[in-house]
Amino acid sequence: KKVLLGNFTPSVISERTAGFEALLEHVIREEKLRESPYLASFLHGREQREARQWIEAQRYDQAIPLLENSFRLLNKVHTDRHPAVMLTLCRLVACCSADPMTTSAEHFADLALRRYEAVSDADLLQFYVPLLQLCVRLWWSLGRDKRPLEARLEDLKRRGIKVDGCPTLLDALMAMDKT
């Protein structure tokens, strides 16, 4: 229940946390709830909108914590390769790699690459080439072997997928957000 005073006592915080976890468990079991746009808006809509505003302002340091929280929450509710999870992960990779002070770009990039291995959603595949290209640059800057990623890009090119002249991952995501 709503309380005007004492909202931040450990017992109130603990009770609300337990209640929220119970709500998430229920949502996970019910597909209609899990896929509801109203639930999505409630769980991460504000954070996603605010993060996109920070991204547009090129304040990646402000967008990253919002995206991390949103990603963790979405990961609890949806599968690893759900479109909302993957798009948030891609935003997180793009922001982390654009912010020179962030050290988690490699971690999230590795995670995104692993998850993309089994993605077949056409809407998500449009971000795969920009993700690979970002990772090639990131691996190079970190002194990691980028040849496996370059080989993936060459394989995609041989299969007729446009690899050259693609937008950056950040630009592709921002263009999608504007539509």
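Residues numbered from 1 in each chain as written. Predicted model: local features only at pLDDT ≥ 70, side-chain atom pairs only at ≥ 80, totals over all residues. Heavy atoms only, no water.

### Looking at the layout of surface pockets
Each pocket or cavity is described by its volume, and for the largest pocket that value is around 270 Å³. Surrounding the largest pocket, 19 residues form its lining, Ala40, His44, Gln48, Ala84 and Leu87 being those nearest its centre. If you list the elements that add at least two residues to the lining of the largest pocket, you get helix 3 (37-56), helix 5 (83-98) and helix 10 (169-178). Per-element tally for the lining of the largest pocket: the top contributor is helix 3, with 6 residues. Here the residues of the lining of the largest pocket sort into 7 nonpolar, 7 polar and 5 charged. (1 Å grid on protein atoms, 1.4 Å probe; cavity = no way out; pocket = protein on both sides within 12 Å on 5 of 7 lines; lining within 4 Å. Points joined across faces, edges and corners; volume = space filled by probe spheres on them. Helix = DSSP H or I, 4+ residues; strand = E, 2+ residues; numbered from the N terminus. Nonpolar A, V, L, I, M, F, W, Y, C, P; charged D, E, K, R; others polar.)

### Comments concerning the environment of isoleucine 28
Relative to the assigned elements, isoleucine 28 resides in helix 1 (residues 10-29). Residues isoleucine 28 and leucine 66 lie 38 residues apart in sequence; the distance between their C-alpha atoms is 22 Å. In this structure isoleucine 28 touches Arg34, Lys76 and Val77, once residues within four positions along its chain are discounted. (Contact = heavy atoms within 4.5 Å.)

### Looking at the packing of aromatic side chains
The relation between two aromatic rings is expressed through the spacing of the ring centres and the mutual angle of the planes. Here the structure, examined in full by the defined rule, presents 2 aromatic pairs. For the ring pair phenylalanine 71 and phenylalanine 108, a centre distance of 6.3 Å and an interplane angle of 85 degrees mean the geometry is edge-to-face. Taken together, the positions of phenylalanine 71 in helix 4 (residues 60-77) and phenylalanine 108 in helix 6 (residues 105-116) put the pair 37 residues apart, joining distant regions of the chain. (Phe/Tyr/Trp six-rings, centres within 6.5 Å; stacked < 30°, edge-to-face > 60°.)

### Here we look at empty space enclosed by the protein
In the structure shown here, the tally under the stated rule is 1 cavity of 30 Å³ or more. Around the largest cavity sit Arg34, Leu39, Ala40, Leu43, His44, Leu74, Val77 and His78, which together line it. Put simply, the parts of the chain that give the lining of the largest cavity at least two residues each are helix 3 and helix 4. It is helix 3 that contributes the most residues to the lining of the largest cavity, 4 residues altogether. Classifying every residue of the lining of the largest cavity gives 5 nonpolar, 2 polar and 1 charged.

### Some words on the pattern of salt bridges
Using the criterion set out here, one finds 15 salt bridges in the structure. A salt bridge links glutamate 106 to arginine 144; its shortest N-O distance comes to 2.8 Å. With glutamate 106 in helix 6 and arginine 144 in the loop between helix 8 (128-142) and helix 9 (147-158), this residue pair connects regions lying 38 residues apart in the sequence. When salt bridges that share partners are traced, they join Arg46, Glu47 and Glu50 into one network. (Salt bridge = Lys/Arg side-chain N within 4 Å of Asp/Glu carboxyl O.)

### Brief notes about the packing of helix 6 against helix 8
Where helix 6 contacts helix 8, the two axes come as close as 10 Å, and the packing angle between them is 140 degrees. By the angle between their directions, the pair helix 6 and helix 8 is classed as oblique. Between helix 6 and helix 8 lies a crossing whose hand is left-handed. Between helix 6, through Ala105, Glu106, Ala109, Asp110, Ala112, Leu113 and Tyr116, and helix 8, the contact on the second element is made entirely by Tyr128, Leu131, Leu132, Cys135, Leu138, Trp139 and Leu142. Looking at the contact of helix 6 with helix 8 residue by residue, the class counts come to 12 nonpolar, no polar and 2 charged. (Axes fitted to C-alpha atoms, helices over the stretch in contact; angles between N-to-C directions. Parallel < 35°, antiparallel > 145°, perpendicular 65-115°, else oblique. Left-handed = near helix turned anticlockwise from the far one by under 90°.)

### Structural notes on the packing of helix 1 against helix 4
For the pair helix 1 and helix 4, the least separation of the axes is 9 Å and the interaxial angle reads 50 degrees. Judged by the inter-axis angle, helix 1 sits oblique to helix 4. Residue-level contacts link Phe20, Glu21, Leu24, Val27 and Ile28 of helix 1 to Leu73, Lys76 and Val77 of helix 4. When the residues that make up the contact of helix 1 with helix 4 are grouped by side-chain class, the tally is 6 nonpolar, no polar and 2 charged.

### Describing the nonpolar core
Within the largest apolar cluster, 46 residues are counted, with the highest numbers of intra-cluster contacts made by Val93, Tyr116, Phe127, Leu131, Cys135 and Leu169. Sort the elements by how many residues they give to this core and helix 5 lands first, with 10 residues. Residues contacting cysteine 135, with those up to four places away along its chain left out, are Ala109, Leu113 and Leu149. Core analysis: the next-biggest nonpolar cluster, separate from the first, contains 6 residues, Leu24, Leu43, Leu73 and Val77 among them. (Core = buried A, V, L, I, M, F, W, Y, C linked by side-chain atoms within 4.5 Å. Buried < 20%, exposed > 50% of the residue type's maximum accessible area, 1.4 Å probe, protein only.)

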